[in-house]
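Fold and contact review
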Amino acid sequence: DFPFYFVQLANFQNPTDTPEGGDGWARLREAQRRSLTIPNTGMAVAIDLADAANPRNIHPGNKQDVGGRLALWALANEYGKDIVCSGPLYKSHAVEGAAIRIKFDYVGSGLMIGRKTGLEPTEEDKGPAGDEGEVLEKPSLKQFAISGEDKKWHWAEAKIDGDDLLVSSPDVLQPVAVRYAYRMNPAGCNLYNRDGLPASPFRTDDW
């Protein structure tokens, strides 16, 4: 019954640009996420904490956020604090026409497109603003891929719909599976909850 909290592997090595992913530590992070079915475990997601200027550093320097995210699990589960202890974790999916709806645990105060810089708190990314405060370019969720039964992966558009995501691509009219940040270094992955915690990489397939 002893609680066991661990850190999912951070982003590492130079980014790649293939929608199917699966390179390097992608499968290991997925195994870590799935191990949360073991009782009394918790996982601090660190996919956004590596140094972008030095992606080949196997030990990211930001230990403050790593420790803080681990502490949230202990505070919530061992000390009874009413706090959100994790970012969004994939729960289930369902096909809706040409899109796939993704549901999550630990949505907290809601989903958002986030931006994490160094030790600064996570901010909602509202896009670059002009001189008068107007949004010049609407931000989008990144690092989502989608596939049909042919198992060919395409970059996908993901939209926040309440506490869920709707993922689709004009190249896949009959989708069956989604992957998110499923690569060694999914640079730019930016799905968070409004409590400032990042979503874990995940895949809905088992190919």
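Quick caveat, the model's predicted, so the values are computed rather than measured.

1. Notes on the overall build of the chain
Tallying secondary structure elements over the chain gives two helices and 13 strands in all. On C-alpha atoms alone, the chain measures out to a radius of gyration of 17 Å, which is about the 17 Å that the 2.2 N^0.38 rule sets for 207 residues. Seen along its three principal axes, the alpha-carbon backbone of the chain occupies a region of about 50 × 45 × 35 Å. Out of the 207 residues in the chain, the part that is buried amounts to 44%. On the chain, roughly 11,000 Å² of surface is accessible, and the fraction owed to carbon and sulfur atoms is 50%.

2. Describing empty space enclosed by the protein
Following the criterion strictly, the structure yields two cavities of 30 Å³ or more and no others. Of the voids in this model, the largest cavity is the one considered here, and its volume is about 50 Å³. Around the largest cavity, the lining residues are Met43, Ala44, Val45, Arg69, Trp73, Cys85, Ser86, Gly87, Leu197 and Pro198. Secondary-structure elements contributing two or more residues to the lining of the largest cavity are β2 (41-44) and α2 (63-77). Partitioning the lining of the largest cavity into residue classes produces seven nonpolar, two polar and one charged. Space inside the second largest cavity adds up to approximately 30 Å³. If you trace the second largest cavity, you find it lined by Ala26, Arg29, Glu30, Ala181, Tyr182, Arg183, Pro201 and Phe202. In terms of residues, the lining of the second largest cavity owes the most to one element, helix α1 (residues 26-34), which gives three residues. Here the residues of the lining of the second largest cavity are counted per class, giving five nonpolar, no polar and three charged.

3. Concerning the layout of surface pockets
Think of a ball as big as a water molecule: rolled over the atoms, this probe shows where empty space is left. By volume, the largest pocket amounts to about 570 Å³. Around the largest pocket sit 29 residues that line it, and Asp48, Ala52, Lys116, Gly188 and Cys189 are the ones nearest its centre. Tallied by class, residues from the lining of the largest pocket come to twelve nonpolar, nine polar and eight charged. In this structure, the second largest pocket occupies an estimated 340 Å³ of space. As for the second largest pocket, its lining consists of 15 residues, and the residues nearest its centre are Ile113, Lys138, Pro139, Ser140 and Ile160.

Conventions used here
Residues numbered from 1 in each chain as written. Predicted model: local features only at pLDDT ≥ 70, side-chain atom pairs only at ≥ 80, totals over all residues. Heavy atoms only, no water. Helix = DSSP H or I, 4+ residues; strand = E, 2+ residues; numbered from the N terminus. Rg over C-alpha atoms; globule rule 2.2 N^0.38 Å. Buried < 20%, exposed > 50% of the residue type's maximum accessible area, 1.4 Å probe, protein only. Areas by Shrake-Rupley, 256 points an atom, 1.4 Å probe, with all protein chains shown as cover. 1 Å grid on protein atoms, 1.4 Å probe; cavity = no way out; pocket = protein on both sides within 12 Å on 5 of 7 lines; lining within 4 Å. Points joined across faces, edges and corners; volume = space filled by probe spheres on them. Nonpolar A, V, L, I, M, F, W, Y, C, P; charged D, E, K, R; others polar.

Purely spatial values, then, with no claim about function.
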